[in-house]
Amino acid sequence: LARLRRRLSASNNPFAKGLLSLLSADTLDAATWDDLEASLITADLGVGPTTELVEALRKELSVSGGADADRAKAVLRDELLRLVGPDTNRGLNLTGADGVPGVILVVGVNGTGKTTTIGKLARVLVAEQHSVVLAAADTFRAAAAEQLKTWGDRVGVEVVRGPEGGDPASVAFDAVAKGIADGVDVVVVDTAGRLHTKTGLMDELGKIKRVIERKAPVTEVLLVIDATTGQNGLAQARVFAEVVDVTGIVLTKLDGSAKGGIIVPVQRELGVPVKLIGLGEGADDLAPFQAAAFVDALLE
Ligand code: GDP
C-alpha cells in the first residue's frame with residue numbers, strides 16, 4: 001500500500017494534483033468548473049463520468065459557498081469511490097475443477113504489458129505458495145517466448161514453449177497437460193495480441209480456449225490494457241471483449257501517469273472489474289486493485 005501511495009501520490013500524479021489545487025481555489029467560479037472538467041477529461045475519466053462528478057461537486061460545494069479544501073477533497077473522494085465502484089469480484093478465480101489447475105488466459109494488444117504482467121503475477125502466486133506453470137502461447141514472436149522464459153527463470157517457474165510460428169493452441173494445451181501431470185495449482189497462458197482482423201483474433205483466441213478446455217476450464221480471462229493509451233486503448237480493448245469472455249481487467253502503466261481516470265470508463269464500457277494494476281516494470285510492481293486504496297492514493 002505504501003508503494004501504491006508513492007507511485008500514485010498527488011505529488012507525482014498530475015490527475016489528483018490538478019484537481020485538488022483547483023478545488024482549493026479561493027472562489028469556485030465558472031472558470032474553475034471548466035478547468036476541473038478539462039482536467040478530468042485529460043485524465044481520461046470520460047465525458048459521462050466527468051459530467052456526473054462535476055455536477056455532484058457543484059451541488060455539494062455550492063451549498064457551502066465552496067473554498068474549503070478539506071471538504072472539497074472529501075466530496076471528491078466520495079464521488080470517485082462511487083464512480084470506481086465496489087470491490088466485489090475483484091479477486092482472481094484460481095480454483096480449477098477437481099484435480100485440475102486454475103487456468104488464467106491473458107489477452108490484449110501487443111505492447112500493453114501482457115508478458116510483464118504474467119511475470120509479476122507468477123511471482124505473486126509463488127509468494128502465496130501456489131505452484132505455477134507458464135505457457136508461451138505467443139508463438140508469433142520469438143522474443144515474446146524468450147521474454148516469458150526470462151521471467152520464468154527469475155521467478156522460478158517452468159515455462160512451456162513451442163516452435164516459433166507453431167500453433168499457439170497446442171502450446172497452451174501442452175502447458176495445461178503438464179500442469180495436470182505435475183499437480184500444479186495455476187497455469188497462466190500468454191497470447192499474441194495481433195489486432196489483424198476481428199475474425200482472425202476470434203478464431204485464434206477461441207481455438208486456444210477451446211483446446212485448453214479439453215483439459216481444464218479456463219477460470220479467468222484477463223484483458224491487459226495500457227492506461228497511457230486512453231480512448232484508443234479502450235477501443236482496442238472492446239474488440240477483445242467482443243471475441244472472448246473477459247472476466248477481469250489488468251490496467252498497466254499507471255505509475256506516474258496522469259491517466260488514472262481511465263479506470264472508470266474501462267469498467268463501464270466493458271462491464272468487467274479492474275482486478276490488477278501495473279505500477280512499473282519491476283517484479284514487485286503489480287497490485288490487486290482496491291477502490292479505496294486507489295482513490296486515497298490518488299488524493300494523498
Ligand atoms: P506485451 O507485448 O503485451 O507482452 O507487453 P510487454 O510485457 O512486453 O510490455 C511492453 C513494455 O511495457 C515493456 O517495456 C514493459 O517493461 C512495459 N511495462 C509493462 N507493464 C508496465 C507497467 O505497469 N508500468 C510501466 N512503466 N511499464 C510497464
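Quick summary incoming for the structure in this document. Keep in mind that this is a model prediction, so the values were computed, not measured. (Residues numbered from 1 in each chain as written. Predicted model: local features only at pLDDT ≥ 70, side-chain atom pairs only at ≥ 80, totals over all residues. Heavy atoms only, no water.)

**Regarding the pattern of salt bridges**
Argument step 1. Overall, the coordinates contain 15 salt bridges when judged by the stated rule.
Argument step 2. Between Arg82 and Glu52 there is a salt bridge, with the nearest N and O atoms lying 3.4 Å from each other. With Arg82 in helix H5 (residues 69-84) and Glu52 in helix H4 (residues 47-63), this pair connects stretches of sequence that are 30 residues apart.
Argument step 3. Judged by relative accessible area, Arg82 falls into the partly exposed class, the value being 46%. (Salt bridge = Lys/Arg side-chain N within 4 Å of Asp/Glu carboxyl O. Helix = DSSP H or I, 4+ residues; strand = E, 2+ residues; numbered from the N terminus. Buried < 20%, exposed > 50% of the residue type's maximum accessible area, 1.4 Å probe, protein only.)

**Concerning the sheet that holds strand S8 (residues 286-288)**
Strand-to-strand pairing in sheets goes through backbone hydrogen bonds, with the strands running parallel or antiparallel.
Argument step 1. Taken in spatial order, the 8 strands make up an open sheet running S3-S2-S4-S1-S5-S6-S7-S8, and their pairing is mixed. Each edge of the sheet is formed by a strand with only one pairing partner; in this case those strands are strand S3 (158-160) and S8. Taken over all neighbouring pairs, the strand axes of this sheet differ in orientation by 25° on average, direction set aside.
Argument step 2. Of the pairings in the sheet, the one linking strand S1 (residues 102-107) to strand S4 (residues 186-191) comprises 5 bridges and is parallel in character. Residue pairing for S4: Ile104 is matched across the bridge by Val188. (Pairing = 2+ DSSP bridges. Axes fitted to C-alpha atoms, helices over the stretch in contact; angles between N-to-C directions.)

**Notes on the packing of aromatic side chains**
Each aromatic ring pair is characterised by the separation of its centres together with the angle its planes make.
Argument step 1. Following the criterion strictly, the structure yields 1 aromatic pair and no others.
Argument step 2. Considering the side-chain rings of Phe289 and Phe294, the 5.1 Å spacing of their centres and the 55° angle between planes classify their relative orientation as tilted.
Argument step 3. Taking the ring centre of Trp151 as reference, the NZ or CZ of Arg154 above it sits at 4.2 Å. (Phe/Tyr/Trp six-rings, centres within 6.5 Å; stacked < 30°, edge-to-face > 60°. Lys NZ or Arg CZ within 6 Å of the ring centre and 35° of its normal.)

**What about helix H12 (residues 291-299)?**
Argument step 1. Of all 9 residues in H12, 7 are buried; the element is thus mostly enclosed.
Argument step 2. Taken together, the buried positions of H12 are occupied by Ala291, Ala293, Phe294, Val295, Ala297, Leu298 and Leu299.

**Focus on the site of the ligand**
Argument step 1. Every one of the 17 residues lining the ligand counts as a neighbour, but Gly111, Thr115, Thr116, Asp255 and Glu281 are closest to it.
Argument step 2. At 3.4 Å from an oxygen atom of the ligand is found a main-chain nitrogen or oxygen belonging to Thr112.
Argument step 3. Relative to its unbound accessible area of 580 Å², the ligand is 80% covered by the protein chains.
Argument step 4. The element that contributes the greatest number of residues to the shell around the ligand is helix H6 (residues 114-127), accounting for 4 residues. (Near = heavy atom within 4 Å. Polar contact = N/O pair within 3.5 Å; in protein donor to acceptor, adjacent residues only side chain to side chain. Areas by Shrake-Rupley, 256 points an atom, 1.4 Å probe, with all protein chains shown as cover.)

**Thoughts on the environment of Thr219**
Argument step 1. Secondary-structure assignment places Thr219 in strand S5 (residues 218-226).
Argument step 2. Residue classification places Thr219 among the buried positions, given a relative accessible area of 13%.
Argument step 3. Sequence-wise, Thr219 and Ile104 are 115 residues apart; in three dimensions their C-alpha atoms are separated by 6.0 Å.
Argument step 4. Polar contacts involving the side chain of Thr219 include one to the main-chain carbonyl oxygen of Asn93, which spans 3.0 Å.

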